[in-house]
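# Examining the three-dimensional arrangement
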Amino acid sequence: MSSDGSPGRKRSDRSHSSISGLEIEVLREAGDWESGTDETVRRAAEHAYAVSRGGEAAELCIVLGDDALVAKLNKAYRGKSGPTNVLSFPAAEMPDTGAPEAAFAGATPLLGDVVLARETIVREAAEQKKKFADHLSHLTVHGVLHLLGHDHIEDVEADEMEALERDILEDLGIADPYDADHTGR
């Protein structure tokens with residue numbers, strides 16, 4: 001049983017970066033995630049934030065889930081059946097809690113939540129001949145960029161977001177995820 005009383009849920013220690021100003025909490029909600037996963041997603045999220053908006057204090061939560069959890073969220077919030085690899089829930093779009101705004105005055109701004117589906121990520125990494133940790137890092141970066149307002153609906157936006165992802169991942173020593181010739185690195 002976890003510290004919050006729910007079976008299976010494990011909260012990580014919060015990490016705060018003095019460089020980027022980002023506070024990250026990793027929540028192991030579901031799935032059989034490897035022991036180094038927390039550090040992998042923290043590193044990717046922190047670098048994405050530092051490159052995009054570093055220095056401003058903020059916090060986010062990364063939820064490590066499984067296909068069942070992500071499929072449920074995907075249906076409830078996007079109206080789409082089945083799991084997807086990553087979902088982003090920007091705080092600005094989260095449902096109102098009913099708490100008065102004054103309750104959050106002076107609090108560190110919440111960017112939102114990034115939710116990852118382990119089985120889908122494992123399957124995609126294998127199909128694309130990518131290292132699991134590299135694909136996980138890419139999807140974490142992708143999710144954080146969505147929280148920061150980036151999107152890929154329009155072609156121009158997609159090109160800009162992909163270029164930013166490439167730069168961030170290159171800094172992390174990860175091959176271009178969009179280059180089919182280098183996916184097996």
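Residues numbered from 1 in each chain as written. Predicted model: local features only at pLDDT ≥ 70, side-chain atom pairs only at ≥ 80, totals over all residues. Heavy atoms only, no water.

### What to know about the overall build of the protein chain
Of regular secondary structure, the protein chain possesses 5 helices and 6 strands. Along the protein chain, helices (α) and strands (β) appear in the sequence β-β-β-α-β-α-β-β-α-α-α when read from the amino end. Considering the protein chain as a whole, with its 185 residues, one finds that 43% of them fall into the buried category. Total accessible area on the protein chain is roughly 10,000 Å²; 49% of this is exposed by carbon and sulfur atoms. (Helix = DSSP H or I, 4+ residues; strand = E, 2+ residues; numbered from the N terminus. Buried < 20%, exposed > 50% of the residue type's maximum accessible area, 1.4 Å probe, protein only. Areas by Shrake-Rupley, 256 points an atom, 1.4 Å probe, with all protein chains shown as cover.)

### Observations regarding the nonpolar core
Core analysis: the largest hydrophobic core is formed by 31 residues, its most contacted members being Leu60, Ile62, Leu111 and Leu116. Counting only elements with at least two residues in this core, the list comes to strand S3 (22-28), helix H1 (37-53), strand S4 (58-65), strand S6 (110-117), helix H4 (132-147) and helix H5 (155-171). When residues of this core are assigned to their parent elements, the largest contribution, 6 residues, is made by H4. When sequence neighbours within four positions are dropped, the list of residues in contact with Ile62 reads Ile24, Glu25, Val26, Leu27, Val41, Ala45, Val114, Leu116 and Thr140. Judged by nonpolar contacts, the second largest core, of 9 residues, contains Leu27, Cys61, Leu87 and Phe89. (Core = buried A, V, L, I, M, F, W, Y, C linked by side-chain atoms within 4.5 Å. Contact = heavy atoms within 4.5 Å.)

### A short note on the confidence of the model for the protein chain
Averaged over all residues, the pLDDT of the protein chain is 79; the fraction at 70 or higher stands at 76%. Ignoring residues within four places in sequence, the model shows residues 1-7, a span with pLDDT below 50, making 5 contacts including any to other chains. (pLDDT = per-residue confidence, 0-100.)

### Digging into H1
Three- or four-residue spacings in an α-helix give side chains the same orientation, since the helix completes a turn every 3.6 residues. Counted at 1.5 Å a residue, the expected span for H1 with its 17 residues is 24 Å, and the 24 Å between its end C-alpha atoms agrees. Every buried residue of H1 is listed here: Thr37, Asp38, Val41, Arg42, Ala44, Ala45, Ala48 and Tyr49. (Expected span 1.5 Å × (residues − 1).)

### Side note on the packing of aromatic side chains
A full pass over the atoms with the stated rule returns 2 aromatic pairs. Where Trp33 meets Phe132, the ring centres are 6.3 Å apart and the plane angle is 45°; that geometry is what we call tilted. Note that Trp33 is positioned in the loop between S3 and H1 and Phe132 in helix H4, a separation of 99 residues in sequence. Looking at Trp33, the relative accessible area reads 7%, which means it is buried. Directly above the aromatic system of Phe132 lies the positively charged group of Arg118, at a separation of 6.0 Å from the ring centroid. (Phe/Tyr/Trp six-rings, centres within 6.5 Å; stacked < 30°, edge-to-face > 60°. Lys NZ or Arg CZ within 6 Å of the ring centre and 35° of its normal.)

### Looking at the pattern of salt bridges
Under the defined criterion, the tally for this structure stands at 5 salt bridges. In this structure, the salt-bridge partner of Asp38 is Arg28, at a minimum N-O distance of 2.6 Å. Placement of Asp38 in helix H1 and of Arg28 in strand S3 is noted, with a sequence separation of 10 residues between them. When the shortest N-O distance is used, the salt bridge between Arg166 and Asp176 registers 2.8 Å. Taken as a pair, Arg166 in helix H5 and Asp176 in the segment after H5 lie far apart in primary sequence, 10 residues in all. A residue is classified by how much of its surface remains accessible, and Asp176, at 25% relative accessible area, is partly exposed. (Salt bridge = Lys/Arg side-chain N within 4 Å of Asp/Glu carboxyl O.)

### What to know about a negative patch on the surface
On the surface, a cluster of negative charge is made up of Asp155, Glu157, Asp159 and Glu160. By the secondary structure assignment, Asp155 is in helix H5. (Patch = residues over 30% accessible without salt bridge, like charges linked within 9 Å, V, L, I, M, F, W, Y side chains within 5 Å. Lys, Arg positive; Asp, Glu negative; His and termini not counted. Charge placed at Lys NZ, Arg CZ, Asp CG, Glu CD.)

### As for the environment of Val63
Among the secondary structure elements, Val63 is positioned in strand S4. Since its relative accessible area comes to 8%, Val63 is described here as buried. Between the C-alpha atoms of Val63 and Val115, which are 52 residues apart in sequence, the distance is 4.6 Å. When near neighbours in sequence (up to four residues on either side) are disregarded, Val63 contacts Leu27, Glu29, Leu69, Val114, Val115 and Leu116.

### Description of the pairing of strand S5 (residues 86-90)
Side-chain direction in a regular strand flips from residue to residue, so the side chains alternate between the two faces of the sheet. Counting buried residues in S5 gives 4 out of 5 residues, a clear majority hidden from the surface. In terms of strand pairing, S5 meets S6 through 5 bridges, oriented antiparallel. Directly across from Ser88, in S6, lies its bridge partner Val114. (Pairing = 2+ DSSP bridges.)

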